[in-house]
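# Residue-level structure breakdown
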Amino acid sequence: MVVSLADSYDGFLIDLDGVVWLGHEPIPGAAETIAALLAAGKRVAFVTNSPRLSPSRQAGLLRDAGVPAEEGMLVTAGLTLIGLARDELRPGAPVLATGTRSFLEQVAAAGFDLLDPDDWRRADAVLLTGHDRFDYRELKATAMAARAGALFAATGRDPTMPMPDGLWPGTGSILAAVETASGRSAIITGKPEERIFRAGLDVLGLPDGSAVAMIGDRLDTDVGGAQRVGLDGILVAGNDSSSPPGHAGIVPRHQIESLAGLIA
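Here the structure is a predicted model, which means the values were calculated and not measured. For every chain, the first residue of the written sequence is number 1, and numbering continues from 1 along that sequence. Two thresholds apply to this predicted model, a pLDDT of at least 70 for residue-level local features and 80 or more for giving and counting side-chain atom pairs, whereas whole-chain, interface and lining totals are computed over all residues. To get the side-chain values, take all heavy atoms of the structure and skip hydrogens and water.

### Considerations on the overall build of the protein chain
From N to C terminus, the protein chain includes eight helices and 15 strands. Its C-alpha atoms give the protein chain a radius of gyration of 18 Å, within 12% of the compact-globule value 18 Å for 264 residues. Overall size of the protein chain, expressed as C-alpha extent along the three principal axes, is 65 × 35 × 35 Å. Residue burial is assigned from relative accessible area. The probe radius is 1.4 Å, only protein chains are included, and a residue is buried under 20% of its type maximum, exposed over 50%, and partly exposed in between. Expressed as a percentage of the 264 residues in the protein chain, the buried residues total 55%. Considering only residue pairs separated by 6 or more positions, the protein chain has 68% of its internal contacts joining residues 24 or more positions apart. Where accessible areas are quoted, they stem from the Shrake-Rupley method and a 1.4 Å probe; at the residue level, only the protein chains shown are allowed to cover. Accessible surface for the protein chain amounts to roughly 11500 Å². Of this, 51% is attributable to carbon and sulfur atoms. Here the protein chain holds 22 positive side-chain charges and 33 negative ones, and the gap between their average locations is 6 Å. Helix and strand labels come from DSSP, where a helix needs a run of H or I of at least four residues and a strand needs a run of E of at least two; each type is numbered from the N terminus. When we talk radius of gyration, it's over C-alpha atoms, and the globule rule is simply 2.2 Å times the number of residues to the 0.38. Two residues qualify as a contact provided that any one of their heavy atoms is within 4.5 Å of a heavy atom in the partner residue. Asp and Glu count as negative and Lys and Arg as positive, but His and the ends of the chain are not part of the count. Charged groups are reduced to one reference atom each: NZ for lysine, CZ for arginine, CG for aspartic acid, CD for glutamic acid.

And the structure:
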């Protein structure tokens, strides 16, 4: 009987960018692997630092790519950022949020008052995510609001994100500018912080003591973050070496070339 790596685990938290797809272009073998995991009774949750699209939209794109996915299987750093705001702010609080139209719609749907950058003085919080329209006006507003004492939180510090044509600047690149200008350090709600891993475990719904692994392409956020909450980290190293240098102390429990290595 052939035993695969997947047989060692009851459930998996799976990163998206660089593991399942690159810029929403599916990576060969990923859809088939996830289908095989689910067919074998494994629990799966997708855990991503990308707040660009809503969980429902990302689930739809995954299904279009042949990946069996439902909205409830998605945990995004955008969701955990909004969750933090709900925990810390009063209902309807004015917030200065940056991000895609989809992320801003999620913030508004959560009941917060979305501010124009020129109204930064009213902000109870700065909720920062990366997007390709970020400009000096937003940099000034977010930095000024953070410096004035608003709750300052972001989805992550990933400096880059893997895309089909290479590494694009990620939220961390924008966050570095805001932190430099404001003199403050943001609270992070995405990987490698605990909040997003706990949310992923809640989606899995497995009993205590179950064997769960986080699968990702970054040592710092995926593997290192998983290890901090007591999970095994499995590094996908064949698609893109997006982990920055300086993380020699983080050693994955396993390393595979692609997601298909789970069942090979």
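### Regarding the sheet that holds strand 4 (residues 43-48)
A pair of strands is labelled paired if DSSP reports no fewer than 2 bridges between them. Taking strand neighbours across the sheet as the criterion, the six strands line up as 5-4-1-13-14-15 in an open arrangement whose pairing is parallel. Strands at the two margins of the open sheet, each flanked by one partner only, are strand 5 (74-76) and strand 15 (254-256). Across the sheet, the mean angle from the axis of one strand to that of its neighbour is 25 degrees, orientation sign disregarded. What counts as an axis is a line fitted to C-alpha atoms, over the stretch in contact for a helix, and the angles between N-to-C directions run from 0 to 180 degrees. This element, helix 2 (residues 55-64), spans strand 4 and strand 5 of the sheet and lies at about 130 degrees to strand 5.

### Side note on the environment of glycine 66
Note that glycine 66 resides in the loop between helix 2 and strand 5. Look at glycine 66 and you get partly exposed, because its relative accessible area is 44%. Taking the C-alpha atoms as reference points, glycine 66 and isoleucine 34, 32 residues apart in sequence, are found 9.6 Å from one another.

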